[in-house]
Amino acid sequence: MQKQQRQFEGRPQCLCWGSVRRSLVYSMIFLILALFGQGACAALIERDWAAAGDRNVLLDAHTGLEWLKLSVTANQSFNDVAENLGPGGVYDGFRFATEVEVLALWAGAGITHIEREWMQSGEHEAMKALVDLLGPTTMFEVGEFPVATHALGMIDAWPESSPDERWVMELTYAPDGLTTRTSARHYTWNVTAADIHYSSYLVREVPLPAAFWLLASGMSLLLLGGGRRGQSGVGC
């Protein structure tokens with residue numbers, strides 16, 4: 001019995017590669033949660049921008065882009081916002097979003113119809129959630145819904161015939177809980193005009209923190225090491 005025990009104790013211990021790989025995956029998940037907050041599983045994560053607790057930035061987990069809420073730039077003209085995008089400006093680090101980026105933001109939130117017609121497409125809940133996050137204002141107009149809630153954001157694109165205008169991208173939901181309206185290129189807004197209903201879509205790329213790359217590098221080394229062990233015939 002003692003001889004068998006000594007033989008067992010003398011065997012080299014083997015670390016199962018499957019267990020190591022699972023541990024690395026879990027470590028990666030925990031690191032991402034720690035870096036981006038407990039809401040990392042959600043499509044849009046609110047983060048602070050200029051002051052602790054302001055929650056004025058939305059991190060899009062689908063694209064890795066950060067969006068400044070439309071409520072921040074409301075009642076500021078396109079030109080006023082543009083002047084504050086450079087180094088030392090209020091919006092340093094941000095830029096005007098493209099139409100494609102805004103549409104991707106909408107699609108990630110579950111909004112895909114942009115026909116600029118009132119419709120019941122099943123997107124009211126998704127529309128309300130996104131508008132309320134971006135910063136809603138109350139819409140008044142003559143028509144099917146005289147009062148509704150919308151979010152209007154300008155992008156840095158314009159009709160060829162109107163260089164002093166910018167396209168306004170619209171998200172609107174009606175109070176009936178069913179009907180919505182969106183548009184990407186239906187109307188424009190003058191670059192010098194300011195109004196509480198009009199904002200600017202500002203976005204910035206988010207670099208991955210150094211800790212993420214450190215962990216990724218470590219995983220690569222372990223993967224290479226695991227491959228070599230497999231080739232040499234050492235197993236569990």
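These numbers were taken from a predicted model, which means no experiment stands behind them. (Residues numbered from 1 in each chain as written. Predicted model: local features only at pLDDT ≥ 70, side-chain atom pairs only at ≥ 80, totals over all residues. Heavy atoms only, no water.)

1. What about the confidence of the model for the protein?
So the rule is basically this: Every residue gets a pLDDT, meaning the predictor's confidence in that residue, from 0 to 100. Whether two residues are in contact is decided by their heavy atoms: any pair within 4.5 Å suffices.
On average, residues of the protein score 80 in pLDDT, and 70% of them are at 70 or above. Scored below 50 in pLDDT, residues 11–15 makes four contacts in the model with residues more than four places away or belonging to other chains. Within the model, the stretch residues 227–236 combines pLDDT values under 50 with seven contacts to residues more than four positions away or in other chains.

2. A closer look at the pattern of salt bridges
Filter applied, for reference: We define a salt bridge as a contact between a side-chain nitrogen of Lys or Arg and a carboxyl oxygen of Asp or Glu at a distance within 4 Å. By the criteria applied, helices consist of DSSP H or I runs no shorter than four residues and strands consist of E runs no shorter than two, each listed in order from the N terminus.
Counted under the stated rule, the structure contains 12 salt bridges. With a closest N to O distance of 2.9 Å, E46 and R55 form a salt bridge. Notably, a salt bridge pairs R185 with E99, separated by 2.7 Å at the nearest N-O pair. Pair noted here: R185 is in strand β8 (residues 180–190) and E99 is in helix α5 (residues 99–108), with a separation of 86 residues, a long-range link.

3. Thoughts on the pairing of strand β7 (residues 165–173)
To keep things clear, this is the line we draw: Whether a residue is buried, partly exposed or exposed follows from its accessible area with a 1.4 Å probe, protein chains only, as a fraction of its type maximum: under 20%, in between, or over 50%, in that order. Any two strands with at least two DSSP bridges between them are considered paired.
With nine of its nine residues buried, β7 lies for the most part within the structure. Of the strand pairs in this sheet, β7 and β8 are connected by eight bridges, and their pairing is antiparallel. When the sheet's bridge partners are listed, T172 is paired in β8 with R181. Where β7 folds back on β8, the antiparallel hairpin that results is connected by six residues, among which G177 adopts a positive phi of roughly 80°.

4. Some words on the sheet that holds strand β1 (residues 44–47)
Taken in spatial order, the five strands of this open sheet run β1-β2-β3-β10-β4, and their pairing is antiparallel. Both edges of this open sheet fall to β1 and β4 (95–96), since each of them pairs with a single strand only. Relative to strand β2 (residues 57–60), β1 is paired through four bridges, and the arrangement is antiparallel. Paired with L44 across the bridge in β2 is D60.

5. Concerning the packing of aromatic side chains
This is how the line gets drawn: Between 30 and 60 degrees the pair is tilted, below 30 it is stacked and above 60 it is edge-to-face, where a pair is any two Phe, Tyr or Trp rings, Trp via its six-membered ring, whose centres lie within 6.5 Å. Both a distance and an angle decide whether a charge sits over a ring: NZ of Lys or CZ of Arg must be within 6 Å of the ring centre and within 35 degrees of the ring normal.
According to the stated counting rule, one finds five aromatic pairs in the structure shown. On the numbers, 4.1 Å between centres and 15° between planes, the contact of F78 with F96 is stacked. Here the residue F78 occupies a position in helix α4 (residues 78–82), and F96 occupies one in strand β4, the gap between them amounting to 18 residues. Comparing F78 with F96 shows no difference in burial state: the two are buried. Positioned above the aromatic ring of F78, the side-chain terminus of R166 is 4.6 Å from the ring centre.

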